[in-house]
Amino acid sequence: MAEGTETVKCPVCHTEIEVGSQVAKLYGAVRAAPRATSTYNGKEYFFCCKACKKDFDEEPEKYTKK
């Protein structure tokens, strides 16, 4: 992982996303840059694609249960 980046998982499909990575943004690396974000209950969530964001926005409770 590059300095200044953080690896998180898409809450919908669990794809690893490297937040802050310029390389991932340019080349679509295995650890992709986030394609979309949403805020729910004061927390920011990162998504690998807009379809996952749409699913999350429709039923956030489904994806935020522990």
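Residues numbered from 1 in each chain as written. Predicted model: local features only at pLDDT ≥ 70, side-chain atom pairs only at ≥ 80, totals over all residues. Heavy atoms only, no water.

A.B. asks: Explain the environment of Thr-5 here, please?
C.D. replies: Summarising the element assignment, Thr-5 is placed in the segment before strand 1 (6-9). The class of Thr-5 is buried, set by a relative accessible area of 14%. (Helix = DSSP H or I, 4+ residues; strand = E, 2+ residues; numbered from the N terminus. Buried < 20%, exposed > 50% of the residue type's maximum accessible area, 1.4 Å probe, protein only.)

A.B. asks: Whenever I open this one, the pairing of strand 1 confuses me. Can you help?
C.D. replies: Side-chain positions along a regular strand alternate between the two faces of the sheet. Bridge count between strand 1 and strand 2 (residues 16-19): 4 bridges; the pairing is antiparallel. Bridging from a neighbouring strand, Thr-7 pairs with Glu-18 of strand 2. From the end of strand 1 to the start of strand 2, which pair antiparallel, there are 6 residues, and His-14 there has a positive phi angle of about 70°. (Pairing = 2+ DSSP bridges.)

A.B. asks: So what exactly am I meant to see when it comes to the confidence of the model for the chain here?
C.D. replies: Reading fine detail from the predicted coordinates is not recommended where pLDDT is low. Averaged over every residue, the pLDDT of the chain is 79; residues scoring 70 or more account for 71%. Segment residues 24-30 is flagged for pLDDT under 50; beyond a separation of four residues in sequence, or across chains, it makes 8 contacts in the model. (pLDDT = per-residue confidence, 0-100. Contact = heavy atoms within 4.5 Å.)

A.B. asks: It is not clear to me how the pattern of salt bridges should be interpreted in this structure. Could you clarify?
C.D. replies: Side-chain pairs of opposite charge can arise where the charged atoms are in close proximity. Scanning the model with the defined rule gives 2 salt bridges in all. In this structure, the salt-bridge partner of Lys-54 is Glu-58, at a minimum N-O distance of 2.9 Å. Separated by 4 residues within a single helix, Lys-54 and Glu-58 lie in helix 2 (residues 50-58), roughly one turn from each other. (Salt bridge = Lys/Arg side-chain N within 4 Å of Asp/Glu carboxyl O.)

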